[in-house]
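For reference, the chains in residue letters:
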Amino acid sequence: MSAASIADTGDAAGSEGRVTAAIVLSALGAALGGLLFGFDTAVISGTTTALQAHFALSEASLGFTVAAALIGTVIGSLVAGAPADRFGRKPMLLVIAVAYVVSSLGAGLADSWAALLLFRLLGGLAIGAASVVTPVYIAEVSPARFRGRLVALNQLNIVLGILLAFMSNYLMAQLAPAETAWRWMLGIVAGPSAVFLLVTLLLPDSPRWYATKGREREALAVLRRLGFDDAAGALARMRAAQDDSGSPRLFQRRYAVPVTCAIAIALFNQLSGINALLYYAPRIFALGGAGADSALLQSIAVGGTNLVFTLLALTLIDRFGRRPLLFVGSVACAAALILVGVQLERAAPDGTLILVGLLGFIAAFAVSQGAVIWVFISEVFPSEVRGKGQALGSTTHWVMAAAITWTFPIVAGALGGYVFLFFGAMMLLQFVWVARFMPETNGVVLEEMRFDPAGEAVGKSRGK
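Residues numbered from 1 in each chain as written. Predicted model: local features only at pLDDT ≥ 70, side-chain atom pairs only at ≥ 80, totals over all residues. Heavy atoms only, no water.

**Student:** Looking at this structure, I do not really get the pattern of salt bridges. What am I missing?
**Tutor:** Oppositely charged side chains may form a pair once their charged atoms are brought near each other. Counted by the stated rule, this structure contains 6 salt bridges. Two residues, Arg215 and Glu218, come together in a salt bridge whose shortest N-O distance is 3.1 Å. Where salt bridges share partners, they join Asp85, Arg89 and Glu140 into one cluster. (Salt bridge = Lys/Arg side-chain N within 4 Å of Asp/Glu carboxyl O.)

**Student:** I'm lost on the nonpolar core in this one. Help?
**Tutor:** If you look at the biggest cluster of nonpolar residues, it comprises 140 residues, and the most contacted ones within it are Ile96, Tyr100, Phe361, Phe408 and Phe420. Per-element accounting of this core gives the leading share, 12 residues, to helix 7 (residues 147-175). Setting aside chain neighbours within four positions, we find Ile96 in contact with Ala126, Ala129, Ala130, Val133 and Phe196. (Core = buried A, V, L, I, M, F, W, Y, C linked by side-chain atoms within 4.5 Å. Buried < 20%, exposed > 50% of the residue type's maximum accessible area, 1.4 Å probe, protein only. Helix = DSSP H or I, 4+ residues; strand = E, 2+ residues; numbered from the N terminus. Contact = heavy atoms within 4.5 Å.)

**Student:** Looking at this structure, how should I read the side chain of Asn269?
**Tutor:** Note on placement: Asn269 falls in helix 13 (residues 256-271). Among the polar contacts made by the side chain of Asn269, one reaches the side chain of Gln369 at a distance of 2.9 Å. Among all residues touching Asn269, those that are not within four sequence positions of it are Ile274, Phe365, Gln369, Ile373 and His397. (Polar contact = N/O pair within 3.5 Å; in protein donor to acceptor, adjacent residues only side chain to side chain.)

**Student:** Just to check I follow, could you spell out the packing of helix 17 (residues 351-367) against helix 18 (residues 369-380) for this structure?
**Tutor:** Contact geometry for helix 17 and helix 18: axes closest at 3 Å, N-to-C directions at 30 degrees. One finds that helix 17 runs roughly parallel with respect to helix 18. Packed against helix 17, whose contacting residues are Phe365, Ala366 and Val367, the element helix 18 presents Gln369, Gly370 and Ala371 at the interface. Tallied by class, residues from the contact of helix 17 with helix 18 come to 4 nonpolar, 2 polar and no charged. (Axes fitted to C-alpha atoms, helices over the stretch in contact; angles between N-to-C directions. Parallel < 35°, antiparallel > 145°, perpendicular 65-115°, else oblique. Nonpolar A, V, L, I, M, F, W, Y, C, P; charged D, E, K, R; others polar.)

Right under this line is the structure:
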């Protein structure tokens, strides 16, 4: 969806009612961090066989190699919130961009397993920090009515990065010498990382961050630059929210609902098995009987399906809300995962049905969990604790991602297709959680995000 097409859907319903090209371009610029998030996450999938042979790795060592970046994401998501709150969203995005450049070049040139682990860890730090800062930045420059779509642009870029990684891996496998193809696969991430660094230099910082620091002149200037109709009114609302912020501690009774929800949605996101598929896609397809080149091509099909259904999610998330997407996605993900698990347990697995099941899972995940998680976490917390809350949700997500990715080769080797049956069961459990506990946050202005006794999100300007 282009900047113009989103901007044209706005109206003049007040400072929170219209989205401009400047807002969309700022969101897209920050979302390039998401593209690198996806690219760097998935690119390792095409290198696992070569890395295992080159560095003589056991299955456990291979799992640790793949999970090294995810260990970095845990650290990055833990530490990013405080400097983003202290120094601003834009400076943190610049640091993230530099880390992406250095880590990709270092991984591609690594001459030892230790060096590879070090640079993959640095890349993980950048991914973890980006998962905190980018959604918060986009949420803070977005009008409430369009916040879901704009924050979901980050998810769109993540899946675009995943698709580009799969395509890049296939091309490098065809064009580069076999012994160095893995270096090209890892090192090529430096190109888009440099573009992200240049674009970030042009972004304004968050007007809501300026407001929390008492820098009202800069906040007003950014609001006007972004095209808010009533910039002064928007600033007054931000100031009022800051004045009424109370205690900044995250773990207290008043924030119990958003804290619990952020942890739950992050847990279920990874208990779906999504990262196991993204990191080990060629190996999973090989279990179904696909050859090496065919497995890489089928991985591209996974990335393409992910992109198409994420685009669909952009048109649905603000129209129907967050909960309906998760209802449908939970059931569809469970059905697809169970199909894959059953096929892998057969004496002669049907490769076509495995491909159908995995593509069905990716489609259902993209239109539900993939689109909702970062939008929901970025908006469910009140303004005074949003940075801390985003860090909590991101850290939970990455701890689970690291654990599942590290152990997947071992568990899959021992349990075979039953691991996918477990993932399917977790999606059915997610359905129950959404039905009983998850609030709907669609359309609530960020400064007015509060919860009634029943746990529902409320706000005076809901839908504006």
